[in-house]
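Working through the structure, step by step
So the chains spell out like this:
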Amino acid sequence: MDLEVLKKRISSYRTPRGRITRLPDELLCEILVAWEQWTGPSSGFYSAIGADHRKMASLIGRAKKLKREGHFPEDAFKEIKLQESPPGGASFASGPCLGVEILWDNGKLIRFQ
């Protein structure tokens, strides 16, 4: 999300005295995602969204807690494909092991790099 849009969304929850209050969980999630993608100094992030570092630290902490408790949906599910094992139970890779291989009954093989 663009930080300018995030800044405007946060400003809609400011009191007349300038305090940020009662942010919804969805906005906390967006702040956390923006914070995790930020590569510059933390002071640059705070100034880009127009918030004080003390307040944002508590909001980011609250967002992390909500994420740990499962309030935010995780990224899309990543399916693991099963492959048929070659005859004789030999590995697909020739040479040293490149990861973990699990050989199931019916000749199914799962490989993790």
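The text that follows walks through the structure, step by step, so that each part is easy to find. (Residues numbered from 1 in each chain as written. Predicted model: local features only at pLDDT ≥ 70, side-chain atom pairs only at ≥ 80, totals over all residues. Heavy atoms only, no water.)

**Points about the overall build of the chain**
Helix and strand counts for the chain come out as 4 helices and 3 strands. Ordered by position in the sequence, the α and β elements of the chain form the string α-α-α-α-β-β-β. When the 113 residues of the chain are sorted by exposure, 20% land in the buried category. If you take every contact in the chain between residues at least 6 apart in sequence, the share linking residues at least 24 apart comes to 45%. Split by element, the accessible area of the chain, about 8400 Å² in all, is 54% carbon and sulfur. (Helix = DSSP H or I, 4+ residues; strand = E, 2+ residues; numbered from the N terminus. Buried < 20%, exposed > 50% of the residue type's maximum accessible area, 1.4 Å probe, protein only. Contact = heavy atoms within 4.5 Å. Areas by Shrake-Rupley, 256 points an atom, 1.4 Å probe, with all protein chains shown as cover.)

**Considerations on the packing of aromatic side chains**
Evaluation of the coordinates by the stated rule reveals 4 aromatic pairs. Centre to centre, the rings of W35 and Y46 are 5.7 Å apart; their planes meet at 10°, and the pair counts as stacked. Of the two residues, W35 is situated in helix 2 (residues 25–37) and Y46 in helix 3 (residues 42–49); the sequence distance between them amounts to 11 residues. Exposure remark for W35: the relative accessible area of 24% places this residue in the partly exposed category. By relative accessible area, which is 12% here, Y46 ends up buried. Both rings, one in F45 and one in Y46, keep their centres 6.1 Å apart while their planes meet at 65°; by these two values the pair is edge-to-face. For F45, a relative accessible area of 0% puts it in the buried group. (Phe/Tyr/Trp six-rings, centres within 6.5 Å; stacked < 30°, edge-to-face > 60°.)

**Points about helix 4 (residues 53–68)**
Given 3.6 residues per turn, any residue in an α-helix points the same way as the ones three and four places further on. Taking 1.5 Å per residue, 16 residues should reach 22 Å; helix 4 reaches 22 Å between its end C-alpha atoms and fits that length. Among the residues making up helix 4, those that are buried are M56, L59, I60, A63 and L66. Down the axis of helix 4, the buried set is contained in an arc of 120°. They therefore lie on one face. Turned more than 90 degrees away from the buried face of helix 4, the exposed residues are R54 and R68. Once helix 4 finishes, G70 follows within two positions and takes phi at roughly 90°, a positive value. (Expected span 1.5 Å × (residues − 1). Arc of directions from axis to C-beta.)

**Focus on the pairing of strand 2 (residues 100–103)**
Relative to strand 3 (residues 108–112), strand 2 is paired through 4 bridges, and the arrangement is antiparallel. Its bridge partner being in strand 3, I102 is matched across the sheet by I110. Here strand 2 folds back onto strand 3, and the loop between the two strands holds 4 residues, one of which, N106, carries a positive phi near 65°. (Pairing = 2+ DSSP bridges.)

**Things to note about the pattern of salt bridges**
Inspection of every chain in the model, using the stated rule, returns 4 salt bridges. Across the pair R9 and E30 runs a salt bridge, and its minimum N-O distance is 2.3 Å. Here R9 is found in helix 1 (residues 3–11), whereas its partner E30 is found in helix 2, with 21 residues between them in sequence. The exposure class of E30 is partly exposed, given its relative accessible area of 24%. (Salt bridge = Lys/Arg side-chain N within 4 Å of Asp/Glu carboxyl O.)

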